[in-house]
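So you can see what is in the structure, the chains are spelled out below.
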Amino acid sequence: MTVPARPAPRRVLLLGGTGEGRRLAVTLAAEAGLDIVYSLAGRVRDPQVPPSCRVRIGGFGGPAGLADHLRAERIDAMVDATHPFAARMSAAAAAAAAATGVPLLILNRPGWHERPGDDWRRVPSLPAAADLVDRFTPARPDGNDGEPGQAPRVFLTTGRTDLALFADQHRPWFLARCVDPPTGTLPPRLTVILARGPFDVAGETELLRRHAIDAVVTKDSGGTMTAAKLTAARDLGLPVIMVDRPSTPPGVPLVTGVEAAAHWLTALPTEPTNGFAALLESS
Ligand code: NAP
């Protein structure tokens, strides 16, 4: 009697760099029949990686490089669990998936929503946020507008690579919080704090008070790890300049939760896709 060959595990490329990406990797590690490769850009000096799967680090060389990688590594499915603002990687993943036929899912956590008491100024991009900061005048303690030209004290939580956008602003004083020290052209009046979330409301409130912050600038990253600053800003009556997310590539299915992403993967048809097809062709 011949024993049927056990099907090779399906190989999944998981584009990570987020808490959701790590949690998905851990969830999938418990699934039989999946071989997960977790991919990072290599931006952070000491990255947090899931303990349970293979990790690769570094760019692919654009959409064509990623398509080559999908073919060479016989990837059967891809999940784009990058940060909602990692738009280049998401565009490349969509293009490479279209070129190779590898199924692609986007995992994007929900954005933040304004609540009563919030004073958010939504802007469509980081340059628009920088423009608003340039024109921003802090309110006086009595709630009325301050003197035009008065120097605001601004808390920047956009990430170190975005600080260059504020580099030509000489009037505001900036407090920036980053995981690694920023490099390149930086604003002249800048203090940097190195820290990695999660942050809590008490700590964020103390930070905003201690530095007499007039406004907070943040990307609409969503999630709980860094949301405490929004509660602290609301409690202190501070405006938040909120940068809207870039749109995701059209036509790519999107889920907002780790469980839904795991379900999409395990529910994929078992017939050969890219990797299996390549195996059959070469046999
Ligand atoms: P990006 O602008 O969309 O990507 C720039 C380039 O970095 C990509 O073209 C790709 O290089 C490479 N890359 C990005 N993510 C990658 C991944 N997971 N694996 C392999 N290569 C990757 O991205 P970004 O905004 O610089 O973010 C870089 C990484 O940091 C992402 O993984 C993201 O999840 C994480 N992150 C970003 C933010 C943010 O605010 N943007 C916040 C937290 C974490 P090639 O073109 O050479 O393939």
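None of the values given here were measured: they were computed from a predicted structure. (Residues numbered from 1 in each chain as written. Predicted model: local features only at pLDDT ≥ 70, side-chain atom pairs only at ≥ 80, totals over all residues. Heavy atoms only, no water.)

Draft legend 1. Geometry of the sheet that holds strand β10 (residues 215–219). Strand order in this open sheet of six strands is β6-β11-β10-β7-β8-β9, and the pairing throughout is parallel. A single partner strand is all that each edge strand has here, and the edge strands are β6 (120–123) and β9 (190–194). Put simply, the sheet's adjacent strands are angled 20 degrees from each other on average, direction ignored. In this fold helix α5 (residues 201–210) packs onto β7 (153–156), β8 (173–178), β9 and β10, with an angle of close to 155 degrees to the strand it touches most, β8. (Pairing = 2+ DSSP bridges. Helix = DSSP H or I, 4+ residues; strand = E, 2+ residues; numbered from the N terminus. Axes fitted to C-alpha atoms, helices over the stretch in contact; angles between N-to-C directions. Contact = heavy atoms within 4.5 Å.)

Draft legend 2. View of helix α1 (residues 19–29). Buried residues of α1: Gly-19, Glu-20, Gly-21, Arg-22, Leu-24, Ala-25 and Leu-28, and no others. Of the surrounding elements, those touching the buried residues of α1 are β1 (10–15), β2 (34–40), β4 (77–80), β5 (104–107) and α7 (258–266). (Buried < 20%, exposed > 50% of the residue type's maximum accessible area, 1.4 Å probe, protein only.)

Draft legend 3. Inspection of the site of the ligand at higher detail. Around the ligand sit 20 residues, and of these Ser-39, Phe-60, His-83, Met-89 and Lys-219 come closest. A distance of 2.9 Å separates an oxygen atom of the ligand from a polar atom in the backbone of Gly-61. Arg-88 is positioned such that a nitrogen or oxygen atom in its backbone is 3.0 Å from an oxygen atom of the ligand. Surface burial for the ligand is 79%, taken as the share of its 800 Å² of free accessible area covered by protein chains. Elements represented by at least two residues in the shell around the ligand include exactly β2 and α3 (87–100). Per-element accounting of the shell around the ligand gives the leading share, three residues, to α3. Split into classes, the residues belonging to the shell around the ligand amount to seven nonpolar, nine polar and four charged. (Near = heavy atom within 4 Å. Polar contact = N/O pair within 3.5 Å; in protein donor to acceptor, adjacent residues only side chain to side chain. Areas by Shrake-Rupley, 256 points an atom, 1.4 Å probe, with all protein chains shown as cover. Nonpolar A, V, L, I, M, F, W, Y, C, P; charged D, E, K, R; others polar.)

Draft legend 4. Main features of the pattern of salt bridges. A complete count under the given rule lists 14 salt bridges for this structure. The closest approach of N and O atoms between Asp-68 and Arg-71, which form a salt bridge, is 3.6 Å. In this pair, Asp-68 and Arg-71 are both assigned in helix α2 (residues 62–72), three residues apart and thus about one turn of the helix distant. Close ionic contact of Arg-122 with Asp-244 constitutes a salt bridge, the shortest N to O distance being 2.6 Å. Of the two residues, Arg-122 is situated in strand β6 and Asp-244 in the loop between β11 (240–243) and β12 (254–255); the sequence distance between them amounts to 122 residues. Overall, the relative accessible area of 39% leaves Arg-122 in the partly exposed class. Members of the salt-bridge network, linked through shared partners, are Arg-11, Asp-35, Arg-54 and Glu-73. (Salt bridge = Lys/Arg side-chain N within 4 Å of Asp/Glu carboxyl O.)

Draft legend 5. A look at the side chain of Asp-180. Here Asp-180 lies in the loop between β8 and β9. Despite being buried, Asp-180 has no salt bridge partner; Arg-160 is the closest side chain of opposite charge, sitting 4.4 Å away. Engagement of the side chain of Asp-180 in a polar contact is seen with the backbone nitrogen of Arg-45, the distance being 2.8 Å. Apart from residues no more than four positions distant in its own chain, Asp-180 is found in contact with Arg-43, Val-44, Arg-45, Arg-160 and Leu-194. (Lys, Arg positive; Asp, Glu negative; His and termini not counted.)

Draft legend 6. Up close: the sheet that holds β5. In spatial order, the strands read β3-β2-β1-β4-β5-β12; together these six strands make up an open sheet with parallel pairing. Single-partner strands in this sheet number two, and they are β3 (54–57) and β12. Sheet topology note: the β1/β4 ladder contains four bridges and is parallel. Considered in β4, the bridge of Val-12 is made with Ala-77. Contacts between α1 and the sheet are confined to β1, β2, β4 and β5, with β2 contributing the most and set at about 160 degrees to the helix.

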